[in-house]
Amino acid sequence: MDNRPIGFFDSGLGGLTSIPILNSRLPNERVIYFGDTARTPYGSKSPETIREFAVEIVDYLVSQDVKMIVIACNTVTAMALDLLRERYPDIPILGVIEPTARRVCEDGGRSVGIIGTKVTINSGVYERHIKAIDSSIRTYSLACPAFVPLIEEGIIDNDIMDLTIRYYMDDFVAHNDFDRLILGCTHYPMIASNIMRLYPELVLYNSSAEVIEEAADVLRDRDLLAGPNDGADRYYASDLSDNFLKMTNKLLEGKSARIEVRRIGE
Ligand code: DGL
């Protein structure tokens, strides 16, 4: 049993979409979340910059004595998972991509669409994981770089978001033959209902949720599951945007938590 917190991080508020899933799956677990809202989005930045930011955040989380780190960001997973595991070989560090790729294959997906940031899509990492499991599965991928800035601004339940989704996805869906769609960015579960309404024929896969199953397995296998405790979750943002506050408060639903600004890498 281990009551230390799990460290989660993302370029902004996207990784918060994992937290309610963690809370219902493993209610004893405590969280330290870091959203790099001052430097979001990551998804169009260079690999070197993303790796540098990721190392700064993970160094901070490790200094807070976390028992595990969840990279709640596809872009960072694509660019920095191996590097972070090499830097901290004794701490389990989970990425969101492999568990999601595995799930879609286990579900019998034969033809899979993937949407994500430019960095994630250009890396081809989802395709590599899927093809390594079954090379006959067809994959189609599309970068949707305007989604993250809109979501960070809270522009979600309205025509602007719907039009942006259609701008990127109408042709992609119409001209490719897939019936499953990976939301390959942890911000995208916040627009999952828009996507389901616009393309009801697609079955969606949520990387923010899949990684929690992986976390549960690893914690159990390493005897790191938390017992009942009254510890509080802690949420940090490098710049406390209104929307980060709104989203964290919405997710907390009465649970005790600290939400603070924390500059990093200075
Ligand atoms: N939530 C991040 C991801 O999963 C968004 C990256 C970004 O900031 O562009 O890729």
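Our subject is the structure listed above.
Residues numbered from 1 in each chain as written. Predicted model: local features only at pLDDT ≥ 70, side-chain atom pairs only at ≥ 80, totals over all residues. Heavy atoms only, no water.

Student: Looking at this model, I keep getting lost on the overall build of the protein. Mind explaining?
Tutor: Counting its regular elements, the protein contains 11 helices and 10 strands. Relative to a compact globule of 266 residues, whose C-alpha radius of gyration would be 18 Å, the protein shows 18 Å and is just as compact. Dimensions of the protein, computed from the C-alpha atoms along their principal axes, are close to 50 × 40 × 35 Å. Restricting to contacts in the protein with at least 6 residues of sequence separation, those with at least 24 account for 76%. Accessible surface, the protein as shown: approximately 11300 Å² in total, 48% of it carbon and sulfur. Computed over 28 positive and 40 negative side-chain charges, the separation of the two mean positions in the protein equals 1 Å. (Helix = DSSP H or I, 4+ residues; strand = E, 2+ residues; numbered from the N terminus. Rg over C-alpha atoms; globule rule 2.2 N^0.38 Å. Contact = heavy atoms within 4.5 Å. Areas by Shrake-Rupley, 256 points an atom, 1.4 Å probe, with all protein chains shown as cover. Lys, Arg positive; Asp, Glu negative; His and termini not counted. Charge placed at Lys NZ, Arg CZ, Asp CG, Glu CD.)

Student: What exactly am I supposed to notice about the site of the ligand here?
Tutor: Close contacts around the ligand come from 14 residues, with Ser11, Tyr42, Asn74, Thr75 and His187 the closest. Between Tyr42 and the ligand, the recorded distance is 2.7 Å, taken from a backbone N or O atom to an oxygen atom. At a separation of 2.7 Å, an oxygen atom of the ligand approaches a polar backbone atom of Gly43. In the shell around the ligand, the residues fall into five nonpolar, eight polar and one charged. (Near = heavy atom within 4 Å. Polar contact = N/O pair within 3.5 Å; in protein donor to acceptor, adjacent residues only side chain to side chain. Nonpolar A, V, L, I, M, F, W, Y, C, P; charged D, E, K, R; others polar.)

Student: Can you help me understand the packing of helix α2 (residues 47-63) against helix α3 (residues 74-87) in this one?
Tutor: Working note: a packed helix pair is described by the angle between its axes plus the distance between those axes. With their axes 9 Å apart at the nearest point, α2 and α3 run at an angle of 55° to one another. The angle between α2 and α3 places the two elements in the oblique class. α2 and α3 meet at a crossing whose hand is right-handed. In contact with Pro47, Ile50, Arg51, Ala54, Val55, Val58 and Asp59 of α2, α3 contributes Thr75, Val76, Met79, Ala80, Leu83, Leu84 and Arg87. Grouping the constituent residues of the contact of α2 with α3 by class yields 10 nonpolar, one polar and three charged. (Axes fitted to C-alpha atoms, helices over the stretch in contact; angles between N-to-C directions. Parallel < 35°, antiparallel > 145°, perpendicular 65-115°, else oblique. Left-handed = near helix turned anticlockwise from the far one by under 90°.)

Student: Hey, could you run me through α3 in this one?
Tutor: In an α-helix there are 3.6 residues to a turn, and that puts residues three or four apart on one side. Taking 1.5 Å as the rise per residue, α3 with 14 residues should run 20 Å; its terminal C-alpha atoms sit 19 Å apart, in good agreement. Residue Ala80 marks the point of greatest curvature in α3, where the axis turns by about 70°. (Expected span 1.5 Å × (residues − 1). Bend = angle between axes of the 7 residues up to and from the residue.)

Student: Which parts of the structure should I look at to understand the sheet that holds strand β6 (residues 138-143)?
Tutor: Strands in a sheet are paired, the pairing made by backbone hydrogen bonds, and the direction either parallel or antiparallel. Sheet architecture is open: four strands sit in the order β6-β5-β7-β8, paired in parallel fashion. The strands lining the two open edges of the sheet, one partner per strand, are β6 and β8 (203-206). Taken over all neighbouring pairs, the strand axes of this sheet differ in orientation by 25° on average, direction set aside. Bridge analysis of strand β5 (residues 111-116) against β6 gives six bridges, and the strand direction is parallel. Bridge assignment links Gly116 to a residue of β6, and that residue is Ala143. Contacts between helix α8 (residues 159-175) and the sheet are confined to β5, β6 and β7 (180-184), with β6 contributing the most and set at about 160° to the helix. (Pairing = 2+ DSSP bridges.)

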